[in-house]
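Coordinate inspection notes
Okay, here's what each chain looks like letter by letter:
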Amino acid sequence: MAEITKAVRGTRDLLPPETALWNHVDRVVREIFRTYNFQEIRTPIFEETELFARSVGEETDIVSKEMYTFDDGVPAETLIRDVWLSCHAPEIAGRLRFNERLINEPYRQGPHEIGFNAFWNGRWTVVRPRYPVTSVDIRQIELYANEWRKERQEELSELGPIAPRLLVVTAQNGLTPEIAELAKSRAIEIESLSIADFEPPQSLTLRPENTAGVVRAYIEHNLWQRGLNKLYYIGPQFRRERPQKGRYRQFYQIGAEVIGPATAGSESPARDAEILELLAALLDKLGIKDWQLQLNSIGCADDRARYNEALGIALQPVKGQMCSDCQRRAAVNPLRIFDCKVPADQPIIEQLPRITQFLDEPCRRHFDEVQKILQALGVRFELNERLVRGLDYYTRTAFEFTHGALGAQNAILGGGRYDGLSQALGGPPAPGIGFAIGEDRLVMALGKSAEEVLERPEVYIAPLGPGMNKECARLARELRGHDIVVELGDESFRLKKSLETASKLGAKYVLIAGENELSTGVFGLKNLSTGKQQAVPRDHLLHTIRGQNGL
RNA sequence: GUGGGAGUAGCUCAACUGGCAGAGCACCGGACUGUGGCUCCGGACGUUGCGGGUUCGAUUCCCGUCUCCCACCCCA
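Anyway, here's the lowdown on the structure attached to this text. Keep in mind the model is a prediction, meaning the values are calculated, not measured.

Reading the values: the criteria
Residues numbered from 1 in each chain as written. Chains lettered and ligands numbered in written order. Predicted model: local features only at pLDDT ≥ 70, side-chain atom pairs only at ≥ 80, totals over all residues. Heavy atoms only, no water. Helix = DSSP H or I, 4+ residues; strand = E, 2+ residues; numbered from the N terminus. Expected span 1.5 Å × (residues − 1). Buried < 20%, exposed > 50% of the residue type's maximum accessible area, 1.4 Å probe, protein only. Arc of directions from axis to C-beta. Pairing = 2+ DSSP bridges. Axes fitted to C-alpha atoms, helices over the stretch in contact; angles between N-to-C directions. Contact = heavy atoms within 4.5 Å. Parallel < 35°, antiparallel > 145°, perpendicular 65-115°, else oblique. Left-handed = near helix turned anticlockwise from the far one by under 90°. Nonpolar A, V, L, I, M, F, W, Y, C, P; charged D, E, K, R; others polar. Near = heavy atom within 4 Å. Polar contact = N/O pair within 3.5 Å; in protein donor to acceptor, adjacent residues only side chain to side chain.

1. Some details on helix H16 (residues 468-481)
Since the α-helix turns once every 3.6 residues, residues separated by three or four places project in the same direction. Over its 14 residues, H16 extends 20 Å from the first C-alpha to the last, a length consistent with the 20 Å expected when each residue adds 1.5 Å. Listed in full, the buried residues belonging to H16 are Met468, Glu471, Cys472, Leu475, Ala476 and Leu479. What you see down the axis of H16 is that its buried residues fit within an arc of 140°, all on one side. Opposite its buried face, H16 presents the exposed residues Lys470, Arg477 and Gly481, each directed more than 90 degrees away. Two residues or fewer after H16 comes Asp483, characterised by a positive phi angle close to 65°.

2. Remarks on the sheet that holds strand S20 (residues 522-527)
Either a parallel or an antiparallel arrangement is found when strands of a sheet pair, and the pairing is made through backbone hydrogen bonds. In spatial order, the strands read S18-S17-S19-S20-S21; together these five strands make up an open sheet with mixed pairing. Every interior strand has two partners, whereas the edge strands, strand S18 (486-488) and strand S21 (533-537), have only one. Between one strand axis and the next, the sheet turns by 25° as a mean value, whatever way the strands run. Where strand S17 (residues 459-463) meets strand S19 (residues 509-513), five bridges bridge the pair, whose relative direction is parallel. Its bridge partner being in S19, Tyr460 is matched across the sheet by Val510. In the packing of helix H17 (residues 495-505) onto the sheet, contacts are made with S17, S18, S19 and S20, and the angle to S17 comes to roughly 165°.

3. Some details on the packing of helix H8 (residues 269-285) against helix H12 (residues 361-377)
It is at 8 Å that the axes of H8 and H12 come closest, and there the two elements cross at 40°. With respect to each other, H8 and H12 are oriented oblique. Note on packing geometry: the crossing formed by H8 with H12 is right-handed. In this structure, H8 uses Pro269, Ala270, Asp272, Ala273, Leu276 and Glu277 to contact H12, whose residues at the interface are His366, Glu369, Val370, Ile373, Leu374 and Leu377. Here the contact of H8 with H12 is built from residues that sort into eight nonpolar, one polar and three charged.

4. Quick look at the protein's contact with RNA strand B
Taken together, 44 residues form the shell around RNA strand B, and within it Arg329, Arg336, Ala436, Arg441 and Leu528 come nearest. Near the protein, within 4 Å, the atoms of RNA strand B are sugar or phosphate in 54% of cases. Take Gly10: an N or O atom from its main chain is 2.6 Å from a phosphate oxygen of RNA strand B. Arg247 is positioned such that a nitrogen or oxygen atom in its side chain is 2.8 Å from a base oxygen of RNA strand B. When contributions to the surface near RNA strand B are tallied by element, the ones reaching two or more residues are helix H10 (324-332), H17 and helix H18 (515-520). It is H17 that contributes the most residues to the surface near RNA strand B, seven residues altogether. Within the surface near RNA strand B, the residues separate by chemical class into 11 nonpolar, 11 polar and 22 charged.

5. Considerations on the packing of helix H2 (residues 49-57) against helix H7 (residues 211-220)
As a packed pair, H2 and H7 sit with axes 9 Å apart at the nearest point and diverge in direction by 105°. Judged by the angle between their axes, H2 and H7 are roughly perpendicular. Residues Leu51, Phe52 and Ser55 of H2 form the contact with H7, whose own contacting residues are Ala212, Gly213 and Arg216.

Don't take any of this as a statement about function, it's just geometry.
In structure tokens form, the structure reads like this:
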């Protein structure tokens, strides 16, 4: 068996000391959220596929090709116990498609659908027939069955002989007289199942982002009854895309959502400004310099509809001169044309209408107000009329924070308002605004080394000689109980080795504990940076270590 | 999914047009039996990403494949 020695593509291990950096970020982030009165929410790491299709948008790349989706219900480890021949009526073929890899085109043909069913671990699953079958011909069924069995002789022989049977499944729970007659004439045993025996599995997806999950939870737990909800999350997300700088298939996001009934102020521009100011404060507190806030409004759904139409008309005469990507975008998602980096296209793009020209009065006022508050707060921003958002649920305010050190993937976080999302998912009206920070990229932008935030042991205890481990364990327990970081050596180590190790670990003190010290009750405490050593009675150890911490 | 670059010791990297796979750092031990950093001496360290081909001989050339990096597509 091949050894598994590598993390799968696009995933990675976060190792110490780098994890210290991540913990540092988490700590700072939680502290900021605390002062803005946000509370943590933790949603499941997978949800029903439908949730993401409905919120993120069926047509987005995320949903159409970048999600980790799987069917719940077909056991990964299966054991063939019995093999059946089957034919089922076409109207239930859809219900049988619980394993896409096993069923495909051949099932779509003919008046009846024919295949082999295997009873695996107490569940029915379907084995793809090798040829399209166009009619119920028992002779044909037998032929396929024999071929199939021949191919799998080795696995099947361990299971003993298999009785050929005909499995009939129909929507009405029963055999058609035609099939019954055929089976009888061939002396084949018949088992009849109803459609209810084939429960379609649930399609699940590893979350590609967390806003959908939060809004789902908001609806599920009637969170609107609390008024305004200010929620944050930190956790892994999953996207099946080609790895690149700062882009992993399991990546981490820090995000927050402000959501609630409009009467609770959730629709107010004050919320937008508060979120943006929070982010500015957060980046500053993390010591990230040189960030830029790009701001735009993409209006409400109506504005966007009118704008899309105008954009389409404006593109009509000029799109032929644009790059092939843009021609494709013009057809699929015209807004994305503004992402184009091809120099030759830029003059054309400059001439296109801008979404800001199409904002209705409330949207315009909202956007103006956001800007005014930001100015009052001294948060610097740049209007970027070309900033558009890819996900379906966004409305009005859209923003990104970018950072120079991140290569082509220069966005460190992004977000915006999503006033219609709750209703799109079947919930109550609940305007909201949120953002998500790519934590992998945030850590990259920190410009700080893990060593700077790594906590070093304060005391290294060096037991000297046989029998000293016991006493030193006691000492360690005592010090740790007083919140002192202690590393413990071993009585077999020579003192030289202990000192070396302690020095490498960056410990402040070495506590020397040999037989002499034990009998006199006075221990050697050596300061590794000054090289000075003093004799400290056991009762004073804690006090001495504490007292010198500041030095 | 597409294009380009790269993969050699734990890390950073050498190895000429194909000829015994190396250095620095790190690691372990000793000099020094209870006093670190400096120094000296010694030690361990590899399926050259994986698989195939050409060759007397492949880290080197060819093909395939995997992974990483950079960019595209796209995106919080």
